[in-house]
Every structure is written in C-alpha cells, then in structure tokens.
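Observations on the model geometry
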Amino acid sequence: MAKIIDGKKISAEIKEELKNEVAQLKAQGIEGTLAVIQVGNDPASSVYVNNKKKACAYIGINSESFELPEETTQEELLALIAKLNADDSINGILVQLPVPKHIDEKTIINAISPKKDVDGFHPESVGSLVIGQPGFVSCTPAGIIELLKRSNVTIDGKNCVIVGRSNIVGKPMALLMLRENATVTIAHSHTKNLKEICQNADILIIAIGKREFITGDYIKEGAVVIDVGIHRDENNKLAGDVKYDEAEKKASQITPVPGGVGPMTIAMLMNNCVKAMKK
Ligand SMILES: Nc1nc2c(c(=O)[nH]1)N[C@@H](CN(C=O)c1ccc(C(=O)N[C@@H](CCC(=O)O)C(=O)O)cc1)CN2
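Source: prediction; values computed, not measured.

**A short note on the nonpolar core**
With 79 residues, the main nonpolar core has C160, L204, I205, I206, V225, I226 and M270 as its most contacted residues. Of the residues that make up this core, three or more belong to each of domain 1 (29–116) and domain 2 (139–261). Once residues within four sequence positions are removed from consideration, I226 is found in contact with I144, L147, I205, I206, T255 and V261.

**Structural notes on the environment of L175**
Note that L175 resides in helix α7 (residues 170–179). Spatially, the C-alpha atom of L175 lies 9.6 Å from that of V126, the residues being 49 residues apart in sequence. In contact with L175, other than residues within four places in its own chain, are L129 and V130.

**Description of the sheet that holds strand β6 (residues 183–187)**
With respect to topology, 6 strands assemble into an open sheet ordered β1-β11-β8-β7-β5-β6, the strand pairing being parallel. The sheet terminates laterally at β1 (3–4) and β6, the two strands that pair on one side only. Here strand β5 (residues 159–163) runs beside β6; their pairing, made up of 5 bridges, is parallel. Looking at β6, one finds that I162 is bridged to I186. Seen against the sheet, α7 touches β5, β6 and β7 (203–206) and runs at an angle of roughly 170° to β6.

**Some details on the environment of G216**
On the secondary structure map, G216 appears in the loop between β7 and β8 (224–227). Under the C-beta neighbour-count criterion, G216 is labelled partly exposed, with 15 such atoms within 10 Å. Expressed as a C-alpha distance, the spacing of G216 and K243, which sit 27 residues apart in the sequence, is 7.1 Å.

**What to know about the site of the ligand**
Residues in close proximity to the ligand total 18 residues, the closest being Y48, L97, P258, G262 and T265. Of all elements in the fold, only α2 (43–59), β4 (92–95), α6 (139–150) and α10 (261–278) reach the threshold of two or more residues within the shell around the ligand. The greatest single-element share of the shell around the ligand, amounting to 4 residues, is contributed by α10. Class assignment of the residues belonging to the shell around the ligand gives a composition of 12 nonpolar, 5 polar and 1 charged. When residues of the shell around the ligand are sorted by domain, at least three fall in each of domain 1 (29–116) and domain 2 (139–261).

**Some points on the UniProt feature "binding site: NADP(+)" (unreviewed entry) in the protein chain**
In the numbering used here, UniProt assigns the "binding site: NADP(+)" (unreviewed entry) feature to G164, R165, S166 and I230. Examined against the element boundaries, G164 turns out to sit in the loop between β5 and α7. For G164, a count of 23 C-beta atoms within 10 Å puts it in the buried group. When residues no more than four places from it in sequence are discounted, the contact partners of G164 are V169, G170, H188, I206, A207 and I208. Judged by C-beta crowding, with 17 C-beta atoms within 10 Å, I230 ranks as partly exposed. Not counting chain neighbours up to four residues away, the residues in contact with I230 comprise L238, G240, V257 and G262.

**Considering the domain arrangement of the protein chain**
Domain annotation for the protein chain reports domain 1 (29–116) and domain 2 (139–261). Using only C-alpha atoms to locate each centre, domain 1 and domain 2 end up separated by 28 Å.

**Topic: the UniProt feature "domain: Tetrahydrofolate dehydrogenase/cyclohydrolase NAD(P)-binding" (unreviewed entry) in the protein chain**
The sites that UniProt annotates as "domain: Tetrahydrofolate dehydrogenase/cyclohydrolase NAD(P)-binding" (unreviewed entry) are residues 138–278. Overall, residues 138–278 shows 38% helix and 17% strand. The separation of its end C-alpha atoms is 18 Å.

**Notes on the packing of helix α1 (residues 7–27) against α2**
Two elements in contact, α1 and α2, have axes whose closest approach is 8 Å; the angle formed by their N-to-C orientations is 50°. The angle between the axes of α1 and α2 places the two elements in the oblique class. On α2, the residues touching K15, L18, K19 and V22 of α1 are A55, Y58 and I59.

**A word on the sheet that holds β4**
Reading across the sheet, the 3 strands line up as β3-β2-β4 and stay open at both edges, with parallel pairing between neighbours. Looking along the sheet, the strands with just one partner apiece sit at the ends: β3 (62–68) and β4. Direction aside, the axes of adjacent strands within the sheet are offset by 15° on average. Note: strand β2 (residues 33–39) against β3, 7 bridges, orientation parallel. Residue pairing for β3: I37 is matched across the bridge by F66.

**Some words on the packing of α6 against α10**
Interhelical geometry of α6 versus α10 gives an angle of 105° and a closest axis separation of 8 Å. The orientation of α6 relative to α10 falls into the category roughly perpendicular. Within the contact between the two elements, α6 uses C139, T140, A142, G143, I144, E146 and L147 and α10 uses V261, M264, T265, A267, M268, L269 and N272. Each residue belonging to the contact of α6 with α10 can be placed in one class, and the counts come to 9 nonpolar, 4 polar and 1 charged.

Conventions we followed
Starting from 1, residues in each chain are numbered consecutively following that chain's sequence as written. Where totals are concerned, whole chains, interfaces and linings use all residues; where local detail is concerned, this predicted model gives features only for residues with pLDDT of at least 70, and gives and counts side-chain atom pairs only at 80 or more. In these notes, a nonpolar core means any group of buried Ala, Val, Leu, Ile, Met, Phe, Trp, Tyr and Cys residues linked to one another through C-beta atoms within 7 Å. Counting other C-beta atoms within 10 Å of its own, a residue is labelled buried from 20 upward, exposed at 12 or fewer, and partly exposed in the gap between, with every C-beta atom placed from the backbone. Domain ranges listed in this record stem from an automatic or a database domain assignment. Residue pairs qualify as contacts under a 7 Å threshold applied to their C-beta atoms, which are placed from the backbone. Only runs of H or I of at least four residues qualify as helices and only runs of E of at least two qualify as strands under DSSP, and these elements are numbered from the N terminus. Strand pairing is assigned whenever DSSP identifies at least 2 bridges connecting the two strands. Orientation is described by axes fitted as lines to C-alpha atoms, over the contacting stretch for helices, and by angles from 0 to 180 degrees between their N-to-C directions. For each residue, a C-beta atom is placed from the backbone, and the residue counts as near a molecule or strand when that atom lies within 6 Å of it. Gly is put with the polar residues, along with every residue not named as nonpolar or charged; the nonpolar set is Ala, Val, Leu, Ile, Met, Phe, Trp, Tyr, Cys and Pro, and the charged set is Asp, Glu, Lys and Arg. UniProt positions are given in the numbering used here, feature names are shortened, and annotations may be inferred rather than shown by experiment. Note on terminology: angles under 35 degrees are roughly parallel, angles over 145 are roughly antiparallel, angles of 65 to 115 are roughly perpendicular, and the others are oblique.

Structure (structure tokens):
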C-alpha cells in the first residue's frame, strides 16, 4: 500500500515558514499586498480566490480584492491591470483563471508586470525558467517539487513522465524536473503507447483533466504518483485523473485528491508573494 503524500500538511508547514519570514520583513518595514482579480462568479474560482485571501491573512500579507462582473470587457480588465502595475503599494497581481470566453487569456497574462507576476504565467517568467534564471515559477508545478522533496523522493536520475502539456502545469513541470536532473518525458493526447510510457516512470505526474483516466495497469510497481486533476461529480465527490484505489496498490507514494497537489498551489502562491515583497 502506498504512503500518502499529504499536501494539506506540507502546505500548512510552508505557510508557517512563510508567516515567520513575513514577520521578519515587516519588522524591517517591508509590507506585502496581493491584488486578486476575479471576473465573473464561477463557483470553483470563488472558492480558490477566497482561500488565497485567507492564506494572505494567515501569513500576514494584505490582499486587495477586485470582483468584476462577468460582462467586464477586456479593455476594462486591462485598464485595471495597468493601474495595479503602476501602484507601488501592490507587489503581486493575479487574475483568477479561467476568465470569461470574451476575454483573451494570453493578452491578460502578458499585461501583468513581470515584476508582479506571482502566478509565474508571464512569458518573461516562463523564459527565466527555461534558461534557469531566478523568477516566479508557476505555483502548481513548484508545489509538486516541494511535495516530492519534503517526502524524500529522489528526483536526480529518475525517469519522470508528465502526462499533459499545458502552459500552467505540464510544460513548467517538465522544466522543473529537468532542473532537478530527472530524465523527462512529456506525453499528451497524440502520444502513442501512453500506457507503456507511463509504465516506465519512476515518477508519474498526471495533469490531463480526465477523471480517473490512469488505472493501476499504467503504473510501475513502486512508482511515485502525483495527481494534478480535480473533478467533482453530481454528488460533489472529488476525484483526480488517477483511479486512486488501483494506483495506491502499485505506487510507493501517492497524492490524494483532495488534499494532495491542490493545497500546494496556494502555499506556493504565498511563496511567490513573499519573493515579490523582497524584490
Ligand atoms: N490565476 C490562477 N488561476 C488558476 C490557478 C492558478 O494557479 N492561478 N490554478 C487553478 C485553480 N487553483 C488556484 O487558483 C486551485 C485549484 C485547487 C486548489 C485546491 O486546494 N484544491 C483542493 C480541493 C478544493 C475543492 O475544490 O473543494 C484539493 O485538491 O485538495 C487550490 C487552488 C486554476 N486557476
């Protein structure tokens, strides 16, 4: 039976560490303020945004909330971002994704100042990650690295298979695993022999957005399995991209859903906010 990688516990530890760091920065007169923008009222986004504001309050940084109606135009949103970019009292800006369909996500991401890009989505932040320069790193992949390190998983020299190639998770995840000296394979919807490729993974990271797609037979005996998916059924029950009951019988360590990768996304956002305070 696999050991559970407890994202809730690890994220709480990280937030505790950050709380102490913020207290020290405040003692030097350094304040932090995160601007949190939500357009529309997608229920899941509202939960995440609220949790981000609570995390800010917990570690001791301010949050300024901008709850904009669904009909907000792209120009209005860009004008708000420009105002926040120019506001010296704001060190971090995030726009909760997804944005409504009439707004172009890329245009919005590109408009946020790279100096305040605590989500790590701006091309300049991604470019820094590619060439190994310091910068903001996308929160979910950064959280996965913390989960692995704090669970004493050796990454160096291991075969890591990442299923999913999104800009937010799959691609930055691959770069971070490469930085840790793993041998990295990215698989996606056009990959042939997906099952065989997954069976070769010492560390298998799944971010494909398909409920319980990865069954036990995809997993090598003793592999570490990281499940990034979150799916809610009609009874409000959460599940990941991995069929947990089967995977836990094969894996040596595994993240649950809920309580695995999800909470780490917010802990690492707080980590980026503290980085922004120091800039
Ligand atoms: N601007 C951003 N938008 C989005 C991001 C992001 O990093 N920046 N990531 C996701 C959503 N997300 C944070 O925003 C997020 C997702 C899930 C969790 C989480 O704690 N999940 C819990 C389950 C919670 C539930 O749904 O009941 C868990 O897995 O235990 C936190 C943050 C997309 N948008």
